[in-house]
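Each chain, written out:
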Amino acid sequence: MDRRDPFPVRRYVVAGLLTAAAVAGLLLLVRPFIFSFASPLSDANYTVASAATIRNGPKLVEIVLSESHGWPGEVERDDELISLTVVVSAVGPEAFAVVDAWSPTNDCALTLGADRLTDCDGDTWTFDGVPIDPADPPLLAFPTTVSSGAVVADFTRTTVSVT
């Protein structure tokens, strides 16, 4: 009498399903631990761009904030999302500036020019928010750091007082 299994494929299918179930169970156990070690998302620690991209030239970046902070230029989008457009630029080899892309003099959005930011009435600022006309106020600037090759900004406070 031959005792070999007439359906050897059945054993492999059952073994594969048991292995897949064990891996899925392990993933369900490990996943909560991953989120417990991750830093919380907030407007105080917001990655706005890669440092390598910004070294090639300043960029206008629209971000979505967790909550409104009352910054000029904040826009409420659908589903109660708050967006803010900022200018991210390199101001040194490892230093970056993030400024509000909203004119404090004419209450309008700024445009990115070849060498300056310009508002709807022609007032101008450097990419790091310094007014070209000393009579104009500076742009709101946000504190920045570089972390793992990314420019990270704190949108809960500014480095220039709000007037």
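Structure first, text after, so check above.
Residues numbered from 1 in each chain as written. Predicted model: local features only at pLDDT ≥ 70, side-chain atom pairs only at ≥ 80, totals over all residues. Heavy atoms only, no water.

**Side note on the environment of Ile132**
In step 1: By the element assignment, Ile132 lies in the loop between β8 (124–125) and β9 (141–142).
In step 2: When sequence neighbours within four positions are dropped, the list of residues in contact with Ile132 reads Arg116, Thr124, Trp125 and Thr126. (Helix = DSSP H or I, 4+ residues; strand = E, 2+ residues; numbered from the N terminus. Contact = heavy atoms within 4.5 Å.)

**Quick look at the nonpolar core**
In step 1: Val48, Ile63, Leu84, Val86, Val88, Val98 and Phe155 are the most contacted members of the largest nonpolar core, which has 20 residues in total.
In step 2: Taken together, the elements giving at least two residues each to this core come down to β1 (46–50), α2 (51–55), β2 (59–65), β4 (82–90), β5 (96–100) and β11 (150–153).
In step 3: Take this core: its biggest share by element is 4 residues, from β4.
In step 4: Discounting chain neighbours no more than four positions away, the residues touching Val86 are Lys59, Leu60, Val61, Val98, Val99, Asp100, Ala101, Phe142 and Phe155. (Core = buried A, V, L, I, M, F, W, Y, C linked by side-chain atoms within 4.5 Å. Buried < 20%, exposed > 50% of the residue type's maximum accessible area, 1.4 Å probe, protein only.)

**Observations regarding the packing of aromatic side chains**
In step 1: All told, the structure shown has 3 aromatic pairs when counted by the stated rule.
In step 2: Considering the side-chain rings of Trp71 and Phe142, the 5.6 Å spacing of their centres and the 70° angle between planes classify their relative orientation as edge-to-face. Placement of the pair is Trp71 in the loop between β2 and β3 (75–76) and Phe142 in strand β9, with a sequence separation of 71 residues.
In step 3: We classify Phe142 as buried; its relative accessible area is 3%.
In step 4: By the ring-pair criterion, three or more aromatic residues cluster together here, those being Tyr46, Trp71, Phe142 and Phe155. (Phe/Tyr/Trp six-rings, centres within 6.5 Å; stacked < 30°, edge-to-face > 60°.)

**Remarks on the pairing of β4**
In step 1: In terms of burial, β4 is largely enclosed, as 7 of its 9 residues are buried.
In step 2: Both β2 and β4 contribute to a ladder of 7 bridges, which runs antiparallel. Note on β4: the bridge partner recorded for Ile63 is Leu84.
In step 3: Hairpin remark: β3 followed by β4, antiparallel, with 5 residues in the connecting loop; positive phi at Asp79, about 60°.
In step 4: Relative to β5, β4 runs antiparallel, the two sharing 5 bridges. Considered in β5, the bridge of Ala90 is made with Phe96.
In step 5: Remark: 5 residues form the turn of the hairpin made by β4 and β5, two consecutive strands paired antiparallel. (Pairing = 2+ DSSP bridges.)

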